[in-house]
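Chain by chain, the residues run as shown.
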Amino acid sequence: MSYSGRCGCGKVVLAISGEPVATRQCWCRHCQRIAVGGPTQNAMFLTTDVVIEGEVAPHSYAAHSGNTVTQWFCPACGTHIFAENSARPQIRGVRFGVLDQPHGLAPQMAIWTDEAPPWAVFDPALQRFAQQPPPPPMPK
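In this numbering scheme, every chain counts its residues from 1 along its sequence in written order. For this predicted model, a pLDDT threshold of at least 70 governs which residues receive local features, and a threshold of 80 or more governs which side-chain atom pairs are given and counted, while totals over whole chains, interfaces and linings are taken from all residues. Hydrogens and waters are ignored; side-chain quantities use all the structure's heavy atoms.

Some points on the overall build of the protein chain
Thought 1: When helices and strands are tallied, the protein chain shows 1 helix and 11 strands.
Thought 2: To qualify as a helix, a DSSP run of H or I must reach at least 4 residues; to qualify as a strand, a run of E must reach at least 2; elements of each kind are numbered from the N terminus. Starting at the N terminus, the α and β elements of the protein chain follow one another as β-β-β-α-β-β-β-β-β-β-β-β.
Thought 3: Only C-alpha atoms enter the radius of gyration; for comparison, a globular chain is expected to reach 2.2 Å times N to the power 0.38, where N is the number of residues. Computed over C-alpha atoms, the radius of gyration of the protein chain comes to 14 Å, within 12% of the 14 Å expected from 2.2 N^0.38 for 140 residues, which places it in the range of a compact globule.
Thought 4: Expressed as lengths along the three principal axes of its C-alpha atoms, the size of the protein chain is roughly 40 × 35 × 30 Å.
Thought 5: Here's how the labels work: a residue is buried when its accessible area is under 20% of the maximum for its type, exposed when over 50%, partly exposed in between, all with a 1.4 Å probe on protein chains only. Taking all 140 residues of the protein chain together, the buried fraction comes to 46%.
Thought 6: Each accessible area value is a Shrake-Rupley result obtained with a 1.4 Å probe; residue values ignore everything except the protein chains displayed when judging cover. Taken as a whole, the protein chain presents about 7,300 Å² of accessible surface, with 55% of it coming from carbon and sulfur.
Thought 7: In this tally, Lys and Arg are treated as positive and Asp and Glu as negative; His is ignored, and so are the chain termini. The atom standing in for a charge is NZ when the residue is Lys, CZ when it is Arg, CG when it is Asp and CD when it is Glu. Within the protein chain, one finds 10 positive and 9 negative side-chain charges whose respective centroids are separated by 5 Å.

So, the sheet that holds strand S1 (residues 3–6)
Thought 1: A pair of strands is labelled paired if DSSP reports no fewer than 2 bridges between them. Taken in spatial order, the 3 strands of this open sheet run S1-S2-S5, and their pairing is antiparallel. The sheet is open, and its two edges are formed by S1 and strand S5 (50–53), each paired on a single side. Recorded for the sheet is a direction-independent mean angle of 15 degrees between the axes of neighbouring strands.
Thought 2: As paired strands, strand S2 (residues 13–16) and S5 are joined by 4 bridges and run antiparallel to one another. The partner of Leu14 across the bridge, within S5, is Ile52. Under this scheme, a helix contributes an axis fitted over its contacting stretch, all axes are lines through C-alpha atoms, and angles between N-to-C directions fall in the 0 to 180 degree range.

Remarks on the sheet that holds strand S10 (residues 109–111)
Thought 1: With mixed pairing, the 8 strands of this open sheet are ordered in space as S6-S7-S8-S9-S4-S3-S10-S11. Edge positions in the sheet fall to strand S6 (57–62) and strand S11 (127–128), since each of these pairs with one other strand and no more.
Thought 2: Pairing of strand S3 (residues 22–26) with S10, which is carried by 3 bridges, proceeds in the parallel orientation. For Arg24, the partnering residue across the bridge sits in S10 and is Met109.

Okay, here's the thing in structure tokens:
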């Protein structure tokens, strides 16, 4: 299957040629800030499967895991496009919100739930990780 997407103003366009290796809902404090209080919803694709047209700008920080996380966004409208983790450069975590509908993706797990606010509601069907989960299995 393939996926397509775009930022809010349309200056950044994505074409994704593969299936995600995982889908995650992230409750870390950094994700809560960019998601205006809730979690981010992310599909983890192989970097080689993701083609991005248009200018994107980075913001990097040291995560609790000790890895560097770089979040890429459209500098024109501010839409977050994807994130990369220095421990897994072969994966890009694409934000569900930039993918064109109907993409049919849903989170398989909730991560960094220890950092979620007390009012957070977790889908009981999702696998939960208090902090960083193990890396997703890579296709062969």
